[in-house]
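A closer look at the structure
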Amino acid sequence: MGQRPIYTEPENCQDCYKCIRECPVKAIRIENNKAYIIEERCIYCGHCTQICPTGAKKIRNGVPLVKEIIKRTDKKVILSLAPSYINEFSKVSTGQLIAAIRQLGFQGVSETALGAELVSTKVSEYLQHTSPGVYISSACPIVVEYIRKYSQPHIQAITPVLSPLLAHAKLLKHLYGQETEIIFCGPCIGKKVEADNFQELVSIALTFQDLKQWLKEENICIETQTASPEDDFIPYKAGTGTLYPVEGGMLHSIQDEKRKITKLAFSGIENIKDVIRNLILHREQDTLFLELLSCKGGCINGPGKLSADSLAVKKYNILHRCSENQAAKEIPAKEIPAIDISTQFEVDNRITPEKYTEKEIIQALAVVGKTSATDELNCSGCGYDSCREFAKALLAGRAEENMCVSYMRKIAHDKANVLLQKIPAGVILVNSELKIADMNRYAAHLLGEDVLTIYDISPGLPGVALSKVCTFSDFFNAALITGKDITEKQIRENERIWQLSVYTIQPHRLVFGLLLDLREPYGKKEWMTEKMQEVIRKHMDTVRQIACLLGENAAYTDATLRSILESIEDKY
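Residues numbered from 1 in each chain as written. Predicted model: local features only at pLDDT ≥ 70, side-chain atom pairs only at ≥ 80, totals over all residues. Heavy atoms only, no water.

Before going further, it helps to spend a moment on the sheet that holds strand β14 (residues 486–493). Within a sheet, adjacent strands bond to each other through the backbone by hydrogen bonds, running parallel or antiparallel. Across the sheet, which stays open at both edges, the five strands sit in the order β13-β12-β16-β15-β14 with antiparallel pairing between neighbours. The open sheet has two edge strands, β13 (436–439) and β14, and neither has a second partner. Each strand axis lies, on average, 25 degrees off the axis of its neighbour in the sheet, ignoring direction. Inspection of the sheet shows strand β12 (residues 426–431) paired to strand β16 (residues 510–517) by six bridges, in the antiparallel sense. Within β16, the residue paired with Val430 across the bridge is Val511. (Pairing = 2+ DSSP bridges. Helix = DSSP H or I, 4+ residues; strand = E, 2+ residues; numbered from the N terminus. Axes fitted to C-alpha atoms, helices over the stretch in contact; angles between N-to-C directions.)

Shown next as structure tokens:
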């Protein structure tokens, strides 16, 4: 299958680096200021699709392929429905939901929880006969992916049993024929990877979001459905398997009559990383079984969910549904013919260890202006936890230099200073207290030798009261009070004649004055104007590019330069 389960729409990516900050395995590559997913590093937890502020991270829609399967085949097509459906379609009955799904072309709907029960039985048997130690559930495909890629020594601890979905697919094919097409629907993106890797068992995996959109496109309203006796789960309803979507749900069905098994559950990928980090697998006397689910609270909080209800409400719904199903169960799991759901997990060797020398890291840091330990701010603005991690990403080709906020801020500051000094006119920035925020040397030159001398001692004259260096501070004060611009005011002082324009940057807070010497010959003034326009245009693009990184500071600089340019173009 060409398109991966999670992908980026480049035109929507605004290079905010939030996906890098939030990705538990840093499976993101920045290329031309766009964030792309690195397939071999991704564990498909789907977290980036939930936190991307612009919706640039997308979940692959499997509906078109399912429609094609239903259209082109005369085989039986069955939907394997994840048990957390009860939270996503809580306002309708199960019969109504199944009736609506069957209208889409499915011959039947079966609970994935039946596969979970097969898994519980197999795992219970395995734990009773294997040697003491630490064992990890294979139920969550994302956890399995994480171990295969990032914690490979622990792969031997994964119970050698297929996931509930794959076990369920084997059961359905055993009961209804090997040619049966199995389609999954649930909240998990990891199931899409499973479907890609086990095409012989599962054809396509959908999310609840996919299913809801499909029903909407077909104008099928679940609420108006009338359920018939045929609108029920096949081959029967599940029991304790329906608990799998909640943290600790699997543990209820793991039997430990012969050997005492300590059972613990953890959810959330960061918690799981912490659990596995220093996990010693060897135990002499007893067995420890870990149920690990990548989503906080369990599958009920998966990235493909619809419901925004509290986790407490979702868990209650699952527990309540389980008790109902157990009471109505028709066929005990032990009567199902033996199905081989054993498997072996292998490490994923596509990730090569990134080992860089201290010299290489120092050189990479120097590229972004970090030449000493004090330069390493570790601000995480780039998405990485530390400057050194960012340096490693630079060396690995996953990051770009302009991702470093402090580096780009320095560039902006340097360029703004150069621009301010090169403009052949006086520029004075004044705050609400009528104090100078910044000034270029040309302005100091126009104001006289005394001011220029002070300027050379304290460049920019920050914090100096404007009234101490000029006689026209009232114009700046008027612009600050009224919020209105003042343009082309002639000011005479002894033999000097100036033209002053005062423009607002932040109303009542910050203004800037543009001071021109009217004694200059017309030709020189025309040349000066052209020079100013050339310099401003030359640097404007750079300032705009870094505005998204620098926020208010860059926006302020950009606004200042834009105002200067507009004032020049208006006058000439």
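Here the focus is the layout of surface pockets. When its volume is computed, the largest pocket comes out at roughly 450 Å³. In this structure, the largest pocket is lined by 18 residues; those nearest its centre are Val25, Arg41, Tyr150, Glu354 and Glu389. Mapped by element, the contributors of at least two residues to the lining of the largest pocket are α7 (141–150) and α14 (387–396). If one sorts the elements of the lining of the largest pocket by residue count, α14 sits on top with three residues. (1 Å grid on protein atoms, 1.4 Å probe; cavity = no way out; pocket = protein on both sides within 12 Å on 5 of 7 lines; lining within 4 Å. Points joined across faces, edges and corners; volume = space filled by probe spheres on them.)

This part covers the sheet that holds strand β11 (residues 287–293). In spatial order, the strands read β7-β11-β10; together these three strands make up an open sheet with parallel pairing. The open sheet has two edge strands with one neighbour each: β7 (133–136) and β10 (261–267). Within the sheet, the average angular offset between the axes of one strand and its neighbour, ignoring direction, is 20 degrees. The sheet contact formed by β10 and β11 spans seven bridges and is parallel. Within the sheet, the bridge partner assigned to Ser267 lies in β11 and is Leu293.

As a further point, take the pairing of strand β5 (residues 77–81). Judged by how many residues are buried, β5 sits mostly within the fold: five of five residues are covered. As paired elements, β5 and strand β8 (residues 181–186) share five bridges and run parallel to each other. Directly across from Leu79, in β8, lies its bridge partner Ile183. (Buried < 20%, exposed > 50% of the residue type's maximum accessible area, 1.4 Å probe, protein only.)

Turning next to helix α8 (residues 164–176). Helix length check: α8, at 13 residues, gives a terminal C-alpha distance of 18 Å against a target of 18 Å (1.5 Å per residue), a fit within 8%. Those residues of α8 that fall on the buried side of the exposure criterion are Pro164, Leu165, Leu166, Ala167, His168, Ala169, Leu171, Leu172 and Lys173. Buried residues along α8 sit against β5, β6 (108–111), α6 (113–129), β8 and α9 (190–197). The first or second residue beyond α8 is Gly177, which carries a positive phi of 110 degrees. (Expected span 1.5 Å × (residues − 1). Contact = heavy atoms within 4.5 Å.)

Function-wise, these values are silent; they only describe arrangement.
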